[in-house]
Amino acid sequence: MRELLQSALYGLGGYFQSNHMAVLALGVLLYFAAAGRTSGTREKRLLAVTATLLAAALFPGSAAILMLYQTRFYSYHWIWSLVPVTLCIAWGGTRLLWELTGQQRRDGKAAWRLAGGLAVLLALLLLTGNLGNLRSAGQDRIPARQAAVYLEELPESREALLWGPRAVLEEVRRHTGEIRLLYGRNMWEPEAAAYAYDTYPMEQQRLFDWMETLEKGEAYEIPLGLKIYLEDVAAVWEDGQDRGDQVLADAYMLQSAFRQGSALWVFPARVTDRVALACGQMEQEYGLRARMLGETEGYTVWACE
């Protein structure tokens, strides 16, 4: 339950970064509540249902209960499908246009006022979208694309499972189907699995979380599941070293990837020193040796044996 609460707490920010339509639905609710507009029975029911479900999705406690109800197969974002956001915006926007543009006044200028209102509404919808992210997506993927091309030329890529950042795995799969991955797109997009309820082992899920922390940097909040996992791992260390030693934790994650069948790794170039220290510790603790095969813009490629 604690992990669900954490997911609901941090998932809200991620949801609003890519979808601002809920803000418009909230604006519709506030307008009709503040203006005290009279509505029919159906409209009142729509507003009441939208307000209730919107509040349930916003507050972490109720959101965690909804996530528990929908099962762990789905992430936090899926609970927003319960909120009739589109219906509320469509009805509220239509009524607002009718009222604010004075369509009830037959003075010959109603059409012009309606056209102006539609232009304002269209601009508002565009401003709440994410077109800027779409325009920059191609440029952001250039380093990952170069890493995918480099991996395709390596003989080791035909023999071992590949483990790396999400962007690199996506580009590898776009380029070729001959390189086998430690996990697929359904690791971070459960909807890609359609109606299959098979899940990845917990170790692979934690490996994905750990790789995401390396890729996104210190500003990225470490997932609660990974924190708990590393705390449980630290409890079994009996060599007297500091349980918070990052090198020990990194070495454990690297050997865990090897135990899961992956011997070809891709890491962000800015953490090369950290990975090198972890590889040295891994050889000392687990007898596994890793070496860097090469590097591309933004990434380094390693092999373990």
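Note that this is a predicted model, so its numbers are computed, not measured.

Visitor: Looking at this structure, how should I read the environment of Val 301?
Guide: Looking at the secondary structure, you find Val 301 in strand S4 (residues 299-304). Residue Val 301 is classed as buried on the basis of its relative accessible area, which comes to 1%. Through-space distance from the C-alpha of Val 301 to that of Leu 264 is 7.3 Å; in sequence the pair is 37 residues apart. Those residues in contact with Val 301 that lie beyond four places of it in its chain are Tyr 150, Leu 151, Leu 154, Leu 264, Trp 265, Val 266, Arg 291, Met 292, Leu 293 and Gly 294.

Visitor: Teacher, can you tell me more about the sheet that holds strand S3 (residues 290-296) here?
Guide: As a general point, the strands of a sheet are linked pairwise by backbone hydrogen bonds and lie either parallel or antiparallel. Read across the open sheet, the 4 strands follow the order S1-S2-S4-S3; overall the sheet is mixed. Of all the strands in the sheet, the pair left with one neighbour each is strand S1 (161-163) and S3. Across the sheet, the axes of successive neighbouring strands diverge by a mean angle of 25°, strand direction being ignored. Bridge count between strand S2 (residues 262-268) and S4: 5 bridges; the pairing is antiparallel. Paired with Phe 267 across the bridge in S4 is Thr 300. Helix H10 (residues 202-216) rests against S1, S2 and S4 of the sheet, and its axis sits at about 30° to S2.

Visitor: Just to check I follow, could you spell out the packing of aromatic side chains for this structure?
Guide: Geometry of an aromatic ring pair is reported as the spacing of the ring centres plus the angle between the planes. Counting across every chain of the model gives 9 aromatic pairs. Judged by centre distance (6.4 Å) and plane angle (55°), the ring pair of Tyr 229 and Tyr 252 falls under tilted. You can see Tyr 229 sitting in helix H11 (residues 224-234) and its partner Tyr 252 sitting in helix H12 (residues 246-259), a full 23 residues away along the chain. A network of ring pairs unites the aromatic residues Trp 163, Trp 210, Trp 265 and Phe 267 as a single cluster.

Visitor: Help me understand the packing of helix H2 (residues 21-35) against helix H3 (residues 41-58) in this model?
Guide: When two helices pack together, their arrangement is given by the angle between the helix axes and the distance between those axes. At a closest axis distance of 11 Å, the pairing of H2 and H3 adopts a crossing angle of 130°. Taken together, the axes of H2 and H3 are oblique relative to one another. Seen along the crossing, H2 lies across H3 with a hand that is left-handed. For the pair H2 and H3, contact is made by Ala 22, Leu 26, Leu 29 and Phe 32 and by Leu 47, Thr 50, Ala 51 and Leu 54, respectively. Tallied by class, residues from the contact of H2 with H3 come to 7 nonpolar, 1 polar and no charged.

Visitor: Help me out: how do you make sense of the environment of Ser 75 in this one?
Guide: Structurally, Ser 75 is set in the loop between helix H4 (60-69) and helix H5 (85-100). Each C-alpha atom of the pair Ser 75 and Glu 189 lies 8.9 Å from the other, and the pair is 114 residues apart in sequence.

Visitor: Before we go on, may I ask you to explain the nonpolar core in this structure?
Guide: Generally speaking, nonpolar side chains in soluble globular proteins are found buried as a group. Grouped together as the largest cluster of nonpolar side chains are 46 residues, with contacts concentrated most on Leu 151, Leu 162, Trp 163, Leu 254, Trp 265 and Phe 267. Residues in contact with Trp 265, not counting those within four places in the same chain, are Trp 163, Leu 254, Ala 257, Phe 258, Met 282, Ala 290, Thr 300, Val 301, Trp 302 and Cys 304. Within the second largest apolar cluster, 24 residues are counted, among which are Ala 8, Ala 22, Ala 63 and Cys 88.

Visitor: What exactly am I supposed to notice about the pairing of S4 here?
Guide: Side-chain direction in a regular strand flips from residue to residue, so the side chains alternate between the two faces of the sheet. Among the 6 residues that make up S4, 6 are buried, leaving the element largely enclosed by the rest of the structure. Side chains Tyr 299, Val 301 and Ala 303 project from S4 onto one buried face, and the interleaved Thr 300, Trp 302 and Cys 304 project onto a second face that is buried too. Following S3, the chain reverses through 2 residues before pairing antiparallel with S4; Gly 298 in that reversal takes a positive phi of roughly 95°.

Visitor: Could you clarify how one ought to interpret the confidence of the model for the chain in this entry?
Guide: Close inspection of predicted coordinates is inappropriate for parts of the model with low pLDDT. Taken as a whole, the chain shows an average pLDDT of 80; of its residues, 80% reach a score of 70 or greater. Under a pLDDT of 50 for its full length, residues 131-137 has, in the predicted model, 2 contacts with residues more than four places off or in other chains. Below pLDDT 50 for its whole length, residues 237-244 participates in 11 contacts with residues either more than four positions away or in separate chains.

Visitor: Would you take a moment to explain the side chain of Thr 296 for this structure?
Guide: As for its placement among the helices and strands, Thr 296 is situated in strand S3. Excluding residues within four positions of it along the chain, Thr 296 makes contact with Gln 146, Ala 147 and Tyr 150.

Visitor: In this structure, what is going on with the pattern of salt bridges? I would like to understand it.
Guide: A side chain of one charge can pair with a side chain of the opposite charge if their charged atoms are brought near each other. Evaluation of the coordinates by the stated rule reveals 9 salt bridges. Glu 212 is paired through a salt bridge with Lys 216; the nearest N and O atoms lie 3.4 Å apart. Linking Glu 212 with Lys 216, this pair stays in helix H10, spanning 4 residues, or about one helical turn. Among the ionic pairs, Arg 289 bridges to Glu 305, the shortest N-O distance being 3.3 Å. Of this pair, Arg 289 sits in the loop between helix H13 (272-286) and S3 while Glu 305 is found in the segment after S4, placing the two residues 16 residues apart along the sequence.

Cut-offs used in this document
- As a convention, each chain's residues are numbered from 1 in the sequence order in which they are written.
- Residue-level local features of this predicted model are given only where pLDDT is at least 70; pairs of side-chain atoms are given and counted only at 80 or more, and the full residue set underlies all totals for whole chains, interfaces and linings.
- Neither water nor hydrogens contribute to the side-chain values; these are computed over all heavy atoms in the structure.
- The numbering of helices and of strands both runs from the N terminus, where a helix is a DSSP run of H or I of at least 4 residues and a strand a run of E of at least 2.
- Each residue's exposure class comes from its accessible area (1.4 Å probe, protein chains only) as a fraction of the maximum for that residue type: buried when under 20%, exposed when over 50%, partly exposed otherwise.
- Throughout, a residue-residue contact means that at least one pair of heavy atoms, one from each residue, lies within 4.5 Å.
- The pairing criterion for strands is at least two bridges between them, as found by DSSP.
- Angles shown run from 0 to 180 degrees and are taken between the N-to-C directions of axes, each axis being a line fitted to C-alpha atoms and, for helices, limited to the stretch in contact.
- Only centres within 6.5 Å qualify two rings of Phe, Tyr or Trp (six-membered ring in Trp) as a pair; their planes then separate them into stacked at under 30 degrees, edge-to-face at over 60, and tilted for everything else.
- In what follows, roughly perpendicular refers to angles from 65 to 115 degrees, roughly parallel to angles under 35, roughly antiparallel to angles over 145, and oblique to any angle outside these ranges.
- Take the far helix as your reference; a near helix turned counterclockwise from it by less than a right angle gives a left-handed crossing, and one turned clockwise gives a right-handed crossing.
- The nonpolar class holds Ala, Val, Leu, Ile, Met, Phe, Trp, Tyr, Cys and Pro. Asp, Glu, Lys and Arg form the charged class, and all remaining residues, Gly among them, are polar.
- Buried residues of nine kinds, namely Ala, Val, Leu, Ile, Met, Phe, Trp, Tyr and Cys, make up a nonpolar core once their side-chain atoms join them within 4.5 Å.
- Every residue is assigned a pLDDT by the predictor, reflecting its confidence on a scale from 0 to 100.
- In the sections that follow, a salt bridge refers to a side-chain nitrogen of Lys or Arg positioned within 4 Å of a carboxyl oxygen of Asp or Glu.

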